[in-house]
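# Fold and geometry: a report
Letter by letter, the chains look like this.
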Amino acid sequence: MKILIIGDIVGTSGVRKVKEILSRTIQQEKIDFVIANGENSSDGMGITSKIFKELQTAGVNIITMGNHTWGKKDIFNIINNKNLLRPANYPKNVLGNGYGIYECKGKRIAVINLIGRVDMNILSENPFIVVEDIINKIRDKSDIIIVDFHAEATAEKIAMGYFLDGKVTCVFGTHTHVITADETILEKGTAYITDIGMTGPKKSVIGMDIEASIKRFLTTMPERYKVSTDEEITCNGCILTLNSESCRAEKITRIKL
């Protein structure tokens, strides 16, 4: 079994890139299941019901979110859709689902969305405690468990990888938009990568307009971020290869499409 995981989709150009390449990639790589982080897909902040439908039509099975979950009010029209996940460690009783279990080729795939607490400026529960509670609930109901940890600090992500080693199938990081070269299978069998990068304008500052980004650093004055208009779009992510019988991770491969 192969699972394609697509890095943070940034703006309409990122959405367009996914729509252009996904069907072909699924066929060429023999992909069975697709996960994508969509929290930046609408103008770099949030998601809309229109984009959600477009990504699903393109072939994305599950869309995860992050610190910009509530960036667009339109999300409340789709927040309870089982194929859209927001961080599971948001406070209790928040709308939406933090995890879900999905059928694919006779296997049960659980996907969990988490948000970090280091330098994220989001009031959230402890992701380590929350994810352990979820795993205890779903361990006997799932064959595969995949975690999207949307976090800023590499140390927090790496710690989560070791914490979940042997407990889940894969831990991948999102949010920083720069793909890391540390993909590995950890000692107890969990596939791990600190960040899978982004799907968005190549000539940019993590997807945003270069001049606006530099101005913020030069002046320390507020400057509205806007998605770069560069026409060359990069798509980062990874392919997770699993043993079709045991569902254990055999390989995690960085991709650039």
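Sequence order as written defines the numbering, with residues in each chain counted from 1. Note on the predicted model: pLDDT of at least 70 is required for a residue's local features to be given, and 80 or more for side-chain atom pairs to be given and counted; whole-chain, interface and lining totals, by contrast, use all residues. Side-chain numbers come from the whole structure's heavy atoms, not from hydrogens or water.

A word on the overall build of the chain. A helix here means a DSSP run of H or I that spans at least four residues, while a strand means a run of E at least two residues long, and both kinds are numbered starting from the N terminus. Within the chain, the secondary structure is distributed over five helices and 14 strands. Taken over C-alpha atoms, the radius of gyration comes to 17 Å for the chain, in line with the 18 Å a tight globule of 257 residues would show. Principal axes of the C-alpha set define a box for the chain whose edges measure 55 × 40 × 35 Å. In the chain, which comprises 257 residues, the proportion classed as buried is 54%. In what follows, a contact means two residues having at least one pair of non-hydrogen atoms within 4.5 Å. Across the chain, every contact between residues at least 6 apart in sequence was considered, and the portion connecting residues at least 24 apart equals 63%. Surface accessibility follows the Shrake-Rupley procedure with a 1.4 Å probe radius. Residue values consider only the protein chains on display as shielding. Carbon together with sulfur atoms contributes 50% to the accessible area of the chain, which is approximately 12,100 Å² in total. Atoms counted for the radius of gyration: C-alpha only. Globule rule: 2.2 Å times the number of residues to the power 0.38. Throughout, exposure labels follow a simple rule: accessible area from a 1.4 Å probe, protein chains only, divided by the maximum for the residue type, with under 20% read as buried, over 50% as exposed, and the rest as partly exposed.

Turning our eyes to something else, we now look at the packing of helix H3 (residues 127-138) against helix H4 (residues 154-164). Only the contacting stretch of a helix is used when fitting its axis, a line to C-alpha atoms as for every element, and angles between N-to-C directions run 0 to 180 degrees. Close contact between H3 and H4 brings their axes to 11 Å; oriented N to C, the two are set at 30°. In terms of orientation, H3 and H4 fall into the roughly parallel class. You can see that H3 and H4 cross each other, and the crossing is right-handed. Contacts between H3 and H4 involve Pro 127, Phe 128, Val 131, Glu 132 and Ile 135 from the former and Glu 156, Ala 159, Met 160, Phe 163 and Leu 164 from the latter. For the contact of H3 with H4, a count of residues per class yields eight nonpolar, no polar and two charged. Any angle that falls under 35 degrees is termed roughly parallel, while one over 145 is termed roughly antiparallel, one within 65 to 115 roughly perpendicular, and all others oblique. Handedness of a crossing is defined here by the sense of rotation of the near helix relative to the far one, left-handed for an anticlockwise turn of less than a right angle and right-handed for a clockwise turn. Under the scheme applied, nonpolar residues are Ala, Val, Leu, Ile, Met, Phe, Trp, Tyr, Cys and Pro; charged residues are Asp, Glu, Lys and Arg; polar residues are all the others, including Gly.

With that out of the way, let us pick up the side chain of Thr 241. Residue placement: Thr 241 occurs in strand S13 (residues 233-242). Assessed through its relative accessible area of 15%, Thr 241 is described here as buried.

Right, let's talk about the environment of Phe 163 for a bit. Tracing the sequence through the fold places Phe 163 in helix H4. Overall, Phe 163 belongs to the partly exposed group, its relative accessible area being 26%. For the pair Phe 163 and Asn 67, spaced 96 residues apart in sequence, the C-alpha to C-alpha distance is 22 Å. Setting aside residues up to four positions removed in sequence, Phe 163 forms contacts with Phe 128, Val 131 and Glu 132.

The strand order across the open sheet built from six strands is S6-S7-S8-S9-S11-S10, with neighbouring strands paired in mixed fashion. Edge strands, defined here as strands with exactly one partner in the open sheet, are strand S6 (99-104) and strand S10 (184-185). One ladder, built from six bridges, connects S6 with strand S7 (residues 107-115); its direction is antiparallel. Following the sheet pairing, Cys 104 is matched in S7 by Lys 107. Sheet strands touched by H3: S6, S7 and strand S8 (144-150). Its angle to S7, the strand with the most contacts, is close to 165°. When DSSP finds at least two bridges between two strands, those strands are taken to pair.

Attention shifts here to a nonpolar patch on the surface. Here, patches come from residues exposed beyond 30% relative accessible area and free of salt bridges, joined within 9 Å for like charges and within 5 Å for nonpolar side chains (Val, Leu, Ile, Met, Phe, Trp, Tyr). Any carboxyl oxygen of Asp or Glu within 4 Å of a side-chain nitrogen of Lys or Arg constitutes a salt bridge here. Side chains of Trp 70, Phe 76 and Leu 95 sit close together on the surface and give an oily, nonpolar patch of about 290 Å² of accessible area. Inspection of the secondary structure puts Trp 70 in the loop between strand S4 (62-64) and strand S5 (84-85).

For the rest of this paragraph, the subject is unusual backbone geometry. For Lys 30, which is not a glycine, the phi torsion comes out positive at approximately 55°. Within the secondary structure layout, Lys 30 lies in the loop between helix H1 (11-29) and strand S3 (33-37). Of note in this structure, Ile 206 is not a glycine but carries a positive phi near 45°. Counting through the fold element by element, Ile 206 comes out in the loop between strand S12 (198-201) and helix H5 (210-219).

Any helix carries an expected span of 1.5 Å times its number of residues minus one. With 19 residues, H1 ought to run about 27 Å at 1.5 Å a step, and its terminal C-alpha atoms sit 25 Å apart, in line with that. Along H1, the sharpest change in direction is near 40° and occurs at Ile 21. Taken together, the buried positions of H1 are Gly 11, Ser 13, Gly 14, Val 15, Lys 17, Val 18, Ile 21, Leu 22 and Thr 25. The elements touched by buried residues of H1 are strand S1 (2-6), strand S2 (8-9), S3, helix H2 (49-58), S12 and S13. In the segment just after H1, Lys 30 is the residue with positive phi, at about 55°. One fitted axis covers the seven residues ending at a residue, a second covers the seven starting there, and the bend at that residue is the angle between these axes.

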